[in-house]
Amino acid sequence: MRLLRRDPLACREVVELVTDYLEGSMSRGERRRFEAHLADCPHCTGYLAQMRATIRLTGRLEPADLTAEMRDDLGELFRRLRDEER
Amino acid sequence: MTPRRADSAAAAEAELVARLRAGDEAAFVELAARHQAAMLRLASAFVPSPAVAEEVVQDTWVAVLRGIDRFEGRASFKTWLLAILVNRAKSTGMSEARNVPIGDVGSAVDPSRFDAGGAWSSPPRHWVEESEDRLMARGLRGRLEATLRRLPPRQRAIVILRDIDGLDSDEVCRVLDISAGNQRVLLHRARSRLRQALEEFIDA
Ligand SMILES: [Zn+2]
């Protein structure tokens, strides 16, 4: 989201800019304005902390390990394709 | 992951790919084992059932085995693999508009939580000092999983790739064939929904 105005950011705008901030896709000016708001606003600072926690916690939803059965299936698939090519 | 660990993981993967090219079954099973669970999860974002997701993954391995000689090593093997998977999953599961529909302006936070000037009227509660392990154990894991499942396909795919599989934004753009701007918008929507789920869980 591009910021066209120079007014201080409202909290409602800050929550929409959090991802641009975390992705490092803001210009230097946008970043300064964003950080100036955070410095004065404990609520948005808390919001950013929740967003960081969300990212960390989502990262813990690792997929289940492969079962032995799935390994066997994969080996079988490999051999079937190899034999087809002969 | 530290750069050194990433490097050695990449080197191990490159070696497996080289062995696979030479027709080594064990290398194939090892490569497949590394990626299968992530592939199933990603495919599930685009298709209606786990059974179809399994088919898509199987088809992808067939395509990989037949096309491994065309893998040029410019992208990582994982990026190449997942791009094949996503193509197959999309053509199997759905036809989705390539870009974010105009007018879809979901806000990150319920607008009623701000006053007329846009300041918080109902701010997020301050972060409780409950350990993240404990939060996950007492049900947050299930809540996040459920929220993830309800996200639109591409949002779900982006969160899986970025925040669970650890791809960077360039890799995600390549796998899903979307622009950097689009990737960021969709990531923002998805993470905002997940944050909301986290907040509701903590406040409950
Ligand atoms: Zn604020």
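Residues numbered from 1 in each chain as written. Chains lettered and ligands numbered in written order. Predicted model: local features only at pLDDT ≥ 70, side-chain atom pairs only at ≥ 80, totals over all residues. Heavy atoms only, no water.

Attention now goes to the coordination of the zinc ion. Residues and elements named next belong to chain A. With distances of 2.0 to 2.4 Å, the protein atoms coordinating the zinc ion are C11 (SG), H37 (NE2), C41 (SG) and C44 (SG). Taken together, the four donor atoms coordinating the zinc ion span angles of 103 to 111° at the metal, a pattern that classifies the geometry as tetrahedral. Each donor residue of the zinc ion belongs to the same chain, with the gaps between them written as C-x25-H-x3-C-x2-C. Of this pair, C11 sits in helix α1 (residues 11–23) while C41 sits in the loop between α2 (28–40) and α3 (42–58), and the two are 30 residues apart along the sequence. Accessibility classification places C11 together with C41 in one group, the buried group. (Donors = N, O, S within 2.8 Å, 3.2 Å for Na, K, Ca; no water. Tetrahedral: all angles 85-135°; square planar, octahedral: opposite > 155°, others 65-115°. Helix = DSSP H or I, 4+ residues; strand = E, 2+ residues; numbered from the N terminus. Buried < 20%, exposed > 50% of the residue type's maximum accessible area, 1.4 Å probe, protein only.)

What follows is about the interface of chain A and chain B. The interface is formed by 45 residues belonging to chain A together with 57 residues belonging to chain B. When chain A packs against chain B, the two sides together hide about 4,500 Å² of surface, and 63% of this comes from carbon and sulfur. When residues of chain A are sorted by the area they lose upon contact with chain B, A:Q50, A:L61 and A:F78 head the list and together hold 16% of the total. The tally of links from chain A across to chain B stands at five salt bridges. B:D133 is the partner of A:R60 in a salt bridge, and the nearest nitrogen-oxygen pair spans 2.7 Å. (Contact = heavy atoms within 4.5 Å. Buried area = accessible area lost by both parts, 1.4 Å probe. Salt bridge = Lys/Arg side-chain N within 4 Å of Asp/Glu carboxyl O.)

All names here are of chain B. For chain B, the assigned domains are domain 1 (3–90) and domain 2 (102–203). Taken over C-alpha atoms, the centre of domain 1 sits 27 Å from the centre of domain 2. Residue-level contacts link 14 residues of domain 1 with 15 residues of domain 2. Around 1,200 Å² of area is buried between domain 1 and domain 2 when both sides are counted, 65% of it from carbon and sulfur atoms. (Domains from an automatic or database assignment.)

So, on to the packing of aromatic side chains. Applying the stated criterion to the full structure yields eight aromatic pairs over all chains. Taken together, the ring pairs in this structure connect A:Y47, B:F114 and B:W120 into an aromatic cluster. (Phe/Tyr/Trp six-rings, centres within 6.5 Å; stacked < 30°, edge-to-face > 60°.)

The end-to-end C-alpha distance of helix α3 (residues 50–67) of chain B, which contains 18 residues, comes to 25 Å, matching closely the 26 Å that a straight helix rising 1.5 Å per residue would cover. Within α3(B) the residues assigned to the buried category are B:V52, B:A53, B:V56, B:V57, B:T60, B:W61, B:V62, B:A63, B:V64, B:L65 and B:G67. (Expected span 1.5 Å × (residues − 1).)

Looking now at helix α2 (residues 25–44) of chain B. For α2(B), which comprises 20 residues, the first-to-last C-alpha distance of 27 Å matches the rise-based estimate of 28 Å (1.5 Å per residue) to within 8%. Most pronounced at B:H35, the bend in α2(B) amounts to some 45°. (Bend = angle between axes of the 7 residues up to and from the residue.)

Turning to a negative patch on the surface, a few remarks are in order. Taken together, the side chains of A:E69, A:D72, A:D73, A:E76, B:E54, B:E55 and B:D59 define an acidic patch exposed on the protein surface. Every element with two or more residues in the negative patch is listed here: α4 (68–85) of chain A together with α3 of chain B. Of the residues forming the negative patch, the biggest block, four residues, is contributed by α4(A). Following the sequence through the fold, B:E55 ends up in helix α3. (Patch = residues over 30% accessible without salt bridge, like charges linked within 9 Å, V, L, I, M, F, W, Y side chains within 5 Å. Areas by Shrake-Rupley, 256 points an atom, 1.4 Å probe, with all protein chains shown as cover. Lys, Arg positive; Asp, Glu negative; His and termini not counted. Charge placed at Lys NZ, Arg CZ, Asp CG, Glu CD.)

All names here are of chain B. Across all of its chains, the model carries one cavity of 30 Å³ or more by this definition. Each pocket or cavity is described by its volume, and for the largest cavity that value is around 30 Å³. Here the lining of the largest cavity takes four residues from helix α8 (residues 180–203), the largest share from any one element. Residues belonging to the lining of the largest cavity are distributed by class as follows: one nonpolar, four polar and three charged. (1 Å grid on protein atoms, 1.4 Å probe; cavity = no way out; pocket = protein on both sides within 12 Å on 5 of 7 lines; lining within 4 Å. Points joined across faces, edges and corners; volume = space filled by probe spheres on them. Nonpolar A, V, L, I, M, F, W, Y, C, P; charged D, E, K, R; others polar.)

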